[in-house]
Amino acid sequence: MKIRILVPMDGTNIGEAVLPQLENLVLNNVPHTEAEVVLLKVNSLVNFDVLTHDKRAQLPYAESEQKELNEKSLNYLEEVAKKMRVKGFNVSTMVKTGIVAEEIVGVAREIKANLIAMATHGRTGIVKWAIGSTADKVVRLEGKIPVFAVQANQKEESSVITMGSLQSMVKHS
């Protein structure tokens, strides 16, 4: 049975914290030839906020800026993919533009992913309330595809897998 795993990346070390955990999960449960990993980077449509007299306005990227950002994102994903391919993983890359959580869920459905594996920054309290959690939004938007979330702390070894085997998750999806 072919297993397709969507791995959203945000371009940070924290976002990459899911990779060692995912690699261990796959290596311990699924033959390499049976697992396909799709690395995804979603770029926002908006690049920054501007304060005006009374209000705040969000300015969109210019077309040339969006194109450059997408190229940088693809290069980043290819570097990550290259490291995984050396270990024998079947990896593809994809860049999308839009609302991050919505794009993640849309791509997961589009590629018929069996699992979404992502890192969470572990924000709490007022910061989580103010800016939200992409992982939380993905879980709320996607009800059928299991989400494997690794809380990324400053030290990679503090991330803990608390889920059952990948094969078990796939059977229940």
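None of these values were measured; they are calculated from a predicted model.

1. Observations regarding the overall build of the protein
Here is step 1 of the chain: Regarding its fold elements, the protein presents 7 helices and 7 strands.
Here is step 2 of the chain: Of the regular secondary structure in the protein, the N- to C-terminal order runs β-α-α-β-β-β-α-β-α-β-α-α-β-α.
Here is step 3 of the chain: Counting every position in the protein, which comprises 173 residues, the buried fraction comes to 38%.
Here is step 4 of the chain: In the protein, of all internal contacts separated by at least 6 residues, the share reaching a separation of at least 24 is 72%.

2. Describing the pattern of salt bridges
Here is step 1 of the chain: Taken as a whole and assessed by the stated rule, the structure comprises 5 salt bridges.
Here is step 2 of the chain: Among the salt bridges present, the one from Lys87 reaches Glu23, with a minimum N-O distance of 2.8 Å. One end of the pair, Lys87, is in the loop between α3 (63-86) and β5 (90-97); the other, Glu23, is in helix α2 (residues 18-29), and 64 residues separate them in sequence.
Here is step 3 of the chain: In this structure Glu23 comes out as buried when scored by relative accessible area, which is 10%.

3. Topic: the nonpolar core
Here is step 1 of the chain: Core analysis: the largest hydrophobic core is formed by 27 residues, its most contacted members being Ile5, Val7, Met9, Val18, Leu19, Val37 and Leu39.
Here is step 2 of the chain: Going through the elements one at a time, β1 (3-9), α2, β2 (35-43), α3, β6 (115-120) and β7 (147-151) are the ones with two or more residues in this core.
Here is step 3 of the chain: For Met9, the contacting residues outside a window of four places in its chain are Gly15, Glu16, Leu19, Leu39, Leu40, Lys41, Val42, Tyr76, Leu77 and Val80.
Here is step 4 of the chain: Counting 18 residues, the second largest nonpolar core, distinct from the first, contains Val38, Val42, Ala108 and Ala135.

4. Here we look at the confidence of the model for the protein
Here is step 1 of the chain: Residues of the protein with pLDDT of at least 70 account for 68%, and the chain-wide mean is 76.
Here is step 2 of the chain: Helix α5 (residues 125-131) is the least confidently modelled element of the protein, averaging 43 in pLDDT, while β5 averages 95, the highest of any element.
Here is step 3 of the chain: Low pLDDT, under 50, characterises residues 125-132; the predicted model gives this stretch 8 contacts beyond four residues in sequence or across chains.
Here is step 4 of the chain: Counting interchain partners and residues more than four positions distant, the pLDDT-below-50 stretch residues 154-167 has 25 contacts.

5. Quick word on the sheet that holds β5
Strand pairing in a sheet takes place through backbone hydrogen bonds and is either antiparallel or parallel in direction.
Here is step 1 of the chain: Overall, parallel pairing links the 5 strands, which are arranged β5-β2-β1-β6-β7 in an open sheet. Here the strands that pair on one side only, and so sit at the sheet edges, are β5 and β7. Between one strand and the next, the sheet's axes are offset by a mean angle of 25 degrees, whatever the strand orientation.
Here is step 2 of the chain: Here β6 runs beside β7; their pairing, made up of 5 bridges, is parallel. Bridging from a neighbouring strand, Thr120 pairs with Gln151 of β7.

6. What about helix α4 (residues 100-110)?
An α-helical turn contains 3.6 residues, so a residue and the one three or four places further along point in the same direction.
Here is step 1 of the chain: Taken as a whole, α4 has its buried residues at Ala101, Ile104, Val105, Val107 and Ala108. The buried residues of α4 all sit within an arc of 165 degrees when viewed along its axis, so they share a single face.

Reading the values: the criteria
Residues numbered from 1 in each chain as written. Predicted model: local features only at pLDDT ≥ 70, side-chain atom pairs only at ≥ 80, totals over all residues. Heavy atoms only, no water. Helix = DSSP H or I, 4+ residues; strand = E, 2+ residues; numbered from the N terminus. Buried < 20%, exposed > 50% of the residue type's maximum accessible area, 1.4 Å probe, protein only. Contact = heavy atoms within 4.5 Å. Salt bridge = Lys/Arg side-chain N within 4 Å of Asp/Glu carboxyl O. Core = buried A, V, L, I, M, F, W, Y, C linked by side-chain atoms within 4.5 Å. pLDDT = per-residue confidence, 0-100. Pairing = 2+ DSSP bridges. Axes fitted to C-alpha atoms, helices over the stretch in contact; angles between N-to-C directions. Arc of directions from axis to C-beta.

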